[in-house]
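# Secondary and tertiary structure notes
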Amino acid sequence: MNIQVSKNFKKMTTKAIFSIALFILTYIILLILAICLTILCIAGAIAIIAAKPMFATVALGIGLGSLGLFIIAFLFKFIFKKHKIDRTHLTEITKTDEPKLFQFIEEITIETETHFPNKIYLSSDVNACVFYDSSFWSMFFPIKKNLQIGLGLVNTITEQEFKAILAHEFGHFSQRSMKVGSYVYNVNQVIFNMLYDNESFDKMIQKWASTSGYFAIFVMLSLKIIKGIQWILKKMYDYINLNYLALSREMEFHADEVAANVAGYPPLKHSLLRMDLADHSYNSVLNFYSEKISENIKSENIYKEQSYVMSFLGKESDLTFKNNLPEVTELDLSKYNKSKLNIKDQWASHPSVEERILNIEKTNIIKENPNNIPAILLFNNPELIQTKLTEKLFSQIEYTDKITSFKMDDFKSEYVDNYEKNSFNKIFNGYYDNKNPNYFDVDTIDTSQKSETFESLFDKEKIDMVYDFIALENDKNTLTDISKNNFQIKTFDYDGQKFKANEAQGITTRLEEEIENLKAKITENDIKIYSYFYQQTPNKDYREALNLKYRNFFKFDAAFNLKIEMYSNLLNAAHFFHVVTPLEQIKSNLTEFKKVEKEFKKEISDVLHQEIYKPELTEPIKENFEKYLAEDWVYFSNQNYLDNEMEILFTAMNDYNYVLSKGYFQTKKDLLNFKNKLFENNHLLSNVVS
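None of the values given here were measured: they were computed from a predicted structure. (Residues numbered from 1 in each chain as written. Predicted model: local features only at pLDDT ≥ 70, side-chain atom pairs only at ≥ 80, totals over all residues. Heavy atoms only, no water.)

## Section: the overall build of the chain
Short version of the rule: Counting from the N terminus, the helices are DSSP H or I runs at least four residues long and the strands are E runs at least two residues long. Buried means the residue's accessible area, taken with a 1.4 Å probe over protein chains only, is under 20% of the maximum for its type, while exposed means over 50%, and partly exposed covers the values in between. Contacts are assigned to residue pairs with any non-hydrogen atoms lying within 4.5 Å of each other. Only the protein chains shown count as cover for residues, and the accessible areas themselves come from Shrake-Rupley with a 1.4 Å probe. A positive count includes Lys and Arg, and a negative count includes Asp and Glu. His and the chain ends are not counted in either. Each charge is placed at NZ for Lys, CZ for Arg, CG for Asp and CD for Glu.
The helix and strand tally for the chain stands at 21 helices and 15 strands. In terms of overall dimensions, the chain has C-alpha extents of about 110 × 70 × 65 Å along its principal axes. Classification of the 690 residues of the chain by burial places 46% in the buried group. Of the contacts formed within the chain by residues at least 6 apart in sequence, a portion of 82% connects residues at least 24 apart. Approximately 37400 Å² of the chain is accessible, and the part contributed by carbon and sulfur atoms is 55%. The averaged location of the 91 negative side-chain charges in the chain is 6 Å from the averaged location of its 79 positive side-chain charges.

What follows is the structure, encoded as structure tokens:
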């Protein structure tokens, strides 16, 4: 297999090599200056001591000599640093354990012309990667690489798709042209270490400074010089990282071509498109059981449940199924993304899924007789390995009582119940999934006009209108950030046309008018929806109930906005808790925080007494709210934050946001459920009459 690298790959490789050379040159200059400074410091130290030997001059001499040595130590410490990957969450497997899987992997390494992994590990998540422990010396000596296979991934793909994914991972190391990426990565690690990984160095220098006041003076001087070196290295890090990320994106394209040559492009395409759904399904199961911790309930086999959830969500989204797996298309991936704004993300390490698919489709490589059996069958005993990793995953959780496991039927039943409770009826065709009814005065609506049909009120045109509005809002916000220089970019594309960053404000002004016009159209449709349900309901009591539910929603919506504003103010006032702050400033900030907190406590008190929130007030939430309201917590005493009080505060803040959001959702769902009831009653009545 001989895959030619693209012109863009060569260009990014040249830039990456140049950035490495520039770093080496900068580093050598810094090192020479540091050595010269050290020599001068040591010479000065000897001169001071020789001029008048006594305790003070000896101490000053040693301190002066240490100044240069600390700078040298700072510049050399990365040589001894090793970046070791944490393996505690991984499970190692051997050829004896899984001979079929190992043979499968060996065949792929032969096809990709790379070495067999040093070790193979299983993780619980939806992922696959090649990893290795790195150090400065990794740039000069071969390093053995390990393979990590996520069981959550293997559980949701075919064997041919698995072959494509592993070929992609091995493709990063299959050709010599890929090695420059490893060099740039290691240079990045070196600079990162000198910039941010300084804990042991800081402890050493602080210990030295505390030995004598004479030493402390020179430690302060050395720290000032080191800070200057870090400023230079920070600029280098940004430059090298930018080139590395650009090269990394090209390396992804290259590895995808390797995968297409080994397994054909369709398996890689299908697995890429399904990845988000597989990951979402896996995390949905984890979230389900996180709610069960207080009940001491865990899963028997999280992977069977993941498969069920993925299949369930696929059917709910009307996806087609092939090989018993949902087929996600490019349209499914982007059908709600109506944005016209295109910004090249120079800080992304991977191209977008859409870009990767376009690239591999160009290969047009299709393999005959692909093996489409489930990839999980490569394991000797799939269910045993699934339960083993499930057990390991849940062993990290501390339960308070005897643990019980959920049976599969119980999981299915409760998951579907939760899904239905937390989603809107499908009859609305997704119209309300990401929008709320726009405000209008129900008392002033003329309901005598003939209404449109139910189908036309929720057809594709109306759904597109909603998502066009959302896209315009998001584009406007991003363009506002560009005009304020929050995004460091020179150009961007909008609606297929290239613009300079300083032109963003002009487009924002244009979008604001489009947003207002579209909002008016959506509001008009919302009024027609109201009129439809009003007219289809001859019963006076139902009409009054419909009006009441609309009024309740609009009232809650207005109050919700004020509550969110208050909560946002609270978050801003509490920000200083998360950053290093001078002592006097902490006291001043606490005074300001207490002013905002008064309103927050009043809001929590209201939440505890309002009916709409009661279903969400679990015992732990209610208990912490009451504990929070019971005291005037001080949060800070004797120059230290009080961890217990801080935990009570932040738990109350998180729970308030959760309960408030659930209250809003329930108010909206109550209105939509009532409209659904009216629709069903009218539909039933129509059938009886006919």
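## Let's talk about the pattern of salt bridges
One side chain can pair with another of opposite charge once the charged atoms of both are near each other. Filter applied, for reference: A pair is scored as a salt bridge if a Lys or Arg side-chain nitrogen falls within 4 Å of a carboxyl oxygen belonging to Asp or Glu.
Counted according to the given criterion, the structure contains 29 salt bridges. With a closest N to O distance of 3.4 Å, lysine 498 and aspartate 493 form a salt bridge.

## Structural notes on a nonpolar patch on the surface
Which entries qualify depends on this criterion: Patches here are clusters of residues that have more than 30% relative accessible area and form no salt bridge, with a 9 Å joining cutoff for like charges and a 5 Å cutoff for nonpolar side chains (Val, Leu, Ile, Met, Phe, Trp, Tyr).
Together, Ile24, Ile28 and Ile32 give the surface a local cluster of nonpolar side chains, amounting to about 260 Å² of exposed area. Within the secondary structure, isoleucine 24 sits in helix α1 (residues 7–51). For isoleucine 24, a relative accessible area of 43% corresponds to the partly exposed category.

## Topic: the packing of helix α2 (residues 55–76) against helix α7 (residues 199–211)
Note the threshold: The angle between two axes is taken between their N-to-C directions and runs from 0 to 180 degrees, where each axis is a line fitted to C-alpha atoms and a helix contributes only its stretch in contact. Note on terminology: angles under 35 degrees are roughly parallel, angles over 145 are roughly antiparallel, angles of 65 to 115 are roughly perpendicular, and the others are oblique. Under the convention adopted here, Pro, Cys and the residues Ala, Val, Leu, Ile, Met, Phe, Trp and Tyr are nonpolar, Asp, Glu, Lys and Arg are charged, and Gly plus all remaining residues are polar.
α7 packs onto α2 with a crossing angle of 180° between their chain directions and a minimal axis gap of 12 Å. By the criterion of interaxial angle, the relationship of α2 to α7 is roughly antiparallel. Here Ile62, Ser66, Phe70, Ala73 and Phe74 of α2 lie close against α7, whose contacting residues are Phe201, Met204, Ile205 and Trp208. Looking at side-chain class alone, the contact of α2 with α7 contains eight nonpolar, one polar and no charged residues.

## As for the sheet that holds strand β4 (residues 128–131)
What counts is decided by this rule: Each pair of strands is called paired provided DSSP finds at least two bridges between the two strands.
The four strands lie next to each other as β2-β3-β6-β4, forming an open sheet whose pairing is mixed. In this open sheet, the two edge strands, each paired with only one partner strand, are β2 (91–93) and β4. Pairwise comparison of adjacent strand axes, ignoring direction, gives a mean angle of 30° for this sheet. Across the sheet, helix α3 (residues 99–112) lies against β2, β3 (120–123) and β6 (146–150), angled at about 120° from β6, the strand it touches most.

## Section: helix α12 (residues 353–361)
Stated precisely, the cut-off is as follows: Think of the arc as the fan of directions from the helix axis to the C-beta atoms.
Restricting attention to buried positions, one finds in α12 the residues Arg356, Ile357, Asn359 and Ile360. The buried residues of α12 occupy one face: seen down the axis, they fall within an arc of 160°. For α12, the secondary structure elements touched by its buried residues are α5 (159–171), α8 (213–263), α9 (265–290) and α11 (330–334).

## Brief notes about the confidence of the model for the chain
Let me state the cut-off plainly: One number per residue, pLDDT, summarises how confident the predictor is, and it ranges from 0 to 100.
Taken over all residues, the pLDDT of the chain has a mean of 89, while the share at 70 or more is 95%. Low confidence marks residues 684–690, where pLDDT is under 50. Its contacts with residues over four positions away, or in another chain, come to zero contacts.

## Structural notes on the domain arrangement of the chain
For clarity, the threshold we go by: Start and end positions for the domains come from either an automated domain assignment or a database one. Put simply, buried area is how much 1.4 Å-probe accessible surface two parts lose in total, over both of them, once they are put together.
Per the domain assignment, the segments making up the chain are domain 1 (424–536) and domain 2 (545–689). Summarising the inter-unit geometry, the C-alpha centres of domain 1 and domain 2 are found 27 Å apart. Each partner contributes residues to the interface: domain 1 has 21 residues there, and domain 2 has 17 residues. Surface buried jointly by domain 1 and domain 2 totals about 1800 Å² across both partners, of which 67% is contributed by carbon and sulfur atoms. When the buried surface of domain 1 facing domain 2 is broken down by residue, Phe424, Pro437 and Phe533 rank first, second and third, together holding 34% of it. Connecting domain 1 to domain 2 are one salt bridge.

## Observations concerning the environment of isoleucine 366
Note on placement: isoleucine 366 falls in the loop between α12 and α13 (382–394). For the pair isoleucine 366 and asparagine 261, spaced 105 residues apart in sequence, the C-alpha to C-alpha distance is 8.6 Å. Ignoring any residue separated from it by four or fewer positions in sequence, one finds isoleucine 366 in contact with Tyr265 and Pro266.

## Remarks on the pairing of β3
Successive side chains on a regular strand alternate, one facing one side of the sheet and the next facing the other. In β3, alternate side chains face the same way, and those of Ile120 and Leu122 on one face and Tyr121 and Ser123 on the other are all buried. Where β2 and β3 come together, three bridges link them in antiparallel fashion. Bridging across to β3, glutamate 92 finds its partner in tyrosine 121.

## Focus on the side chain of threonine 91
Here threonine 91 shows up in strand β2. A relative accessible area of 11% means that threonine 91 is categorised as buried. Excluding anything up to four places from it in sequence, threonine 91 contacts Ile120, Tyr121, Leu122, Lys388, Leu389 and Lys392.

## Let's talk about the sheet that holds strand β10 (residues 341–342)
Spatial ordering of the open sheet is given by β10-β12-β13, a layout of three strands whose pairing is antiparallel. Each edge of the sheet is formed by a strand with only one pairing partner; in this case those strands are β10 and β13 (497–500). Bridge count for strand β12 (residues 491–494) against β13 is four bridges, and the pairing is antiparallel. By the bridge assignment, phenylalanine 492 is partnered in β13 with phenylalanine 499.

## Re helix α19 (residues 583–609)
Going by this rule: Every helix has an expected span of 1.5 Å times one less than the residues it contains. Fitting axes to the seven residues that end at a residue and to the seven that start at it, the angle between those axes gives the bend at that residue.
For α19, which comprises 27 residues, the first-to-last C-alpha distance of 38 Å matches the rise-based estimate of 39 Å (1.5 Å per residue) to within 8%. Valine 596 marks the point of greatest bend in α19, at about 30°. Regarding α19, the residues found buried are Ile586, Asn589, Leu590, Phe593, Glu597, Phe600, Lys601, Glu603, Ile604, Val607 and Leu608.

## Regarding the packing of aromatic side chains
In plain terms, the rule: In summary, the pairing rule links any two rings of Phe, Tyr or Trp, Trp by its six-membered ring, whose centres are within 6.5 Å, and it sorts them by plane angle into stacked for under 30 degrees, edge-to-face for over 60 and tilted for everything else. In this analysis the charged atom, NZ for Lys or CZ for Arg, is taken to sit over a ring once it is within 6 Å of the ring centre and within 35 degrees of the ring normal.
Applying the stated criterion across every chain, the model contains 53 aromatic pairs. Ring geometry for tryptophan 208 versus phenylalanine 215: centroids 4.4 Å apart, planes at 0°, classification stacked. The class of tryptophan 208 is partly exposed, set by a relative accessible area of 27%. Judged by centre distance (5.9 Å) and plane angle (45°), the rings of tyrosine 550 and phenylalanine 554 are tilted. With tyrosine 550 and phenylalanine 554 both in helix α18 (residues 540–573), this residue pair falls four residues apart, about one helical turn. Tyrosine 550 sits in the buried class, given a relative accessible area of 1%. Among the aromatic residues, ring-to-ring pairing joins Tyr439, Phe440, Tyr530, Tyr534, Tyr550, Phe553, Phe554, Phe556, Phe560, Tyr613 and Tyr664 into one connected group. Its end group placed over the ring of tyrosine 628, lysine 601 keeps NZ or CZ at 4.9 Å from the ring centre.

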